[in-house]
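Reading the structure
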Amino acid sequence: MTGLRERQKADRTRRIIEAAARLFRDHGYGAIRIEDIAQAAEVSVGTLYNYFTNKGDLLLAIVSMEVEEVLEAGKAIVADPQDDIARTLGALLGIYFDHSLYYLSKEMWRTAMAISIEAPGTPFSARYTELDGQLAAQVCDLIHELQRRGYARADVDAQAVGQLLFNNLNQMFTEFVKDEAMTLSALHAATARQNAPVAELLAKG
């Protein structure tokens, strides 16, 4: 019976999050009320408040769902990277970029970033920073795995290189969500060009 209740709770949570994501994307974060989300998810407002205290919590839940899915998808690349370092980096970072607009719009990303910056001491900001940290750690893990397999130079600080690559990815993604006209293909191309010298430095001569 406990298992059934937990599954029902998980299903309800997912339904609420997906309804919020759909409404935020279609109508804008600011235009949607908690009541709209409850109606779309087919739950009462009181029930929704049992799961989420405000729209910010819902936005963070959507971000968390997105990051958890890209981390899961990235595991396969980290576990079995190609010997072509630039191609392997492009594959992992490409997952991050390509999945970024699956649940969230650019406006939703801007709002999430703004909340995390404006209120750095809140649980929202702490969780947002934690998710960034998990993505950065996966990039570092990839560099370590490339070294372990002999594809990348062993004398390079994998942690530092991974963090550098992720920091650049983060900056490029920020530019992407700020510019409504910028396409994913343009983001891919710009990041690949910037990562190419790093891949050359990592490659064994």
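How each quantity is defined
- Residues numbered from 1 in each chain as written.
- Predicted model: local features only at pLDDT ≥ 70, side-chain atom pairs only at ≥ 80, totals over all residues.
- Heavy atoms only, no water.
- Helix = DSSP H or I, 4+ residues; strand = E, 2+ residues; numbered from the N terminus.
- Buried < 20%, exposed > 50% of the residue type's maximum accessible area, 1.4 Å probe, protein only.
- Contact = heavy atoms within 4.5 Å.
- Areas by Shrake-Rupley, 256 points an atom, 1.4 Å probe, with all protein chains shown as cover.
- Lys, Arg positive; Asp, Glu negative; His and termini not counted.
- Charge placed at Lys NZ, Arg CZ, Asp CG, Glu CD.
- Core = buried A, V, L, I, M, F, W, Y, C linked by side-chain atoms within 4.5 Å.
- UniProt positions renumbered as here; feature names shortened; annotations may be inferred.
- Axes fitted to C-alpha atoms, helices over the stretch in contact; angles between N-to-C directions.
- Parallel < 35°, antiparallel > 145°, perpendicular 65-115°, else oblique.
- Left-handed = near helix turned anticlockwise from the far one by under 90°.
- Nonpolar A, V, L, I, M, F, W, Y, C, P; charged D, E, K, R; others polar.
- Phe/Tyr/Trp six-rings, centres within 6.5 Å; stacked < 30°, edge-to-face > 60°.
- Expected span 1.5 Å × (residues − 1).
- Bend = angle between axes of the 7 residues up to and from the residue.

So, on to the overall build of the chain. For the chain, the count of helices and strands is nine helices and zero strands. The secondary structure elements of the chain, listed N-terminal to C-terminal, are α-α-α-α-α-α-α-α-α. Structurally, the chain occupies a C-alpha span of about 65 × 45 × 30 Å along its principal axes. When each of the 205 residues of the chain is scored for burial, the buried share is 43%. Sequence separation of at least 24 residues holds for 71% of the intrachain contacts in the chain that already meet a minimum separation of 6. Carbon and sulfur atoms make up 53% of the accessible area of the chain, which amounts to about 10600 Å² in all. For the chain, the distance from the average site of its 21 positive side-chain charges to the average site of its 28 negative ones is 3 Å.

Below, the discussion takes up the nonpolar core. Counting 66 residues, the largest nonpolar core has Phe24, Ile37, Leu48, Leu58 and Ile62 as the members making the most contacts within it. Listing elements by their share of this core, those giving two or more residues are helix 1 (2-27), helix 2 (34-41), helix 4 (55-79), helix 5 (85-103), helix 6 (106-118), helix 7 (123-148), helix 8 (158-178) and helix 9 (184-202). Element by element, the count of residues in this core is highest for helix 4, at twelve residues. Contacts of Leu48, omitting those with residues within four sequence positions, involve Ile16, Ile34, Ile37, Ala38, Val43 and Leu58.

The next subject is the UniProt feature "DNA-binding region" (unreviewed entry) in the chain. Sequence positions flagged by UniProt for "DNA-binding region" (unreviewed entry) are, in local numbering, residues 33-52. Counting secondary structure, residues 33-52 comes out at 75% helix and 0% strand; the distance between its end C-alpha atoms is 13 Å.

Glancing now at the packing of helix 6 against helix 8. Axis separation between helix 6 and helix 8 bottoms out at 8 Å; the angle between their running directions is 125°. Comparing the axis directions of helix 6 and helix 8 gives the class oblique. For the element pair helix 6 and helix 8, the recorded crossing hand is left-handed. Residues Lys106, Trp109, Arg110 and Met113 of helix 6 form the contact with helix 8, whose participating residues are Phe173, Thr174, Phe176, Val177 and Lys178. Split into classes, the residues belonging to the contact of helix 6 with helix 8 amount to five nonpolar, one polar and three charged.

In this section: the packing of helix 8 against helix 9. Between helix 8 and helix 9, the least distance of the axes is 10 Å, while the angle of their chain directions is 160°. In this view, helix 8 runs roughly antiparallel relative to helix 9, as classed from their interaxial angle. In this structure, the crossing between helix 8 and helix 9 has a hand that is right-handed. Every residue of helix 9 that contacts helix 8 at Val161, Leu164, Leu165, Asn168, Met172, Phe173 and Phe176 is listed here: Leu184, Leu187, Ala190, Thr191, Gln194, Asn195, Val198 and Leu202.

Counting across every chain of the model gives five aromatic pairs. Note on Phe97 and Phe173: the rings are 6.5 Å apart at their centroids and 10° apart in plane angle, and the pair reads as stacked. Linking Phe97 in helix 5 with Phe173 in helix 8, this pair joins segments that are 76 residues apart in sequence. There is no split in this pair, since Phe97 and Phe173 are both buried. Measuring from centroid to centroid gives 5.1 Å for Trp109 and Phe173, while their planes differ by 90°, and the two rings are edge-to-face.

Between the first and last C-alpha of helix 9 there are 26 Å, a value that for 19 residues agrees with the 27 Å anticipated at 1.5 Å per step. The largest bend in helix 9 amounts to roughly 35° and is located at Asn195, with the proline Pro197 lying one to four residues further along. The set of residues buried in helix 9 consists of Leu187, Ala190, Thr191, Asn195, Val198, Ala199 and Leu202. Buried-residue contacts for helix 9 involve helix 5, helix 7 and helix 8.

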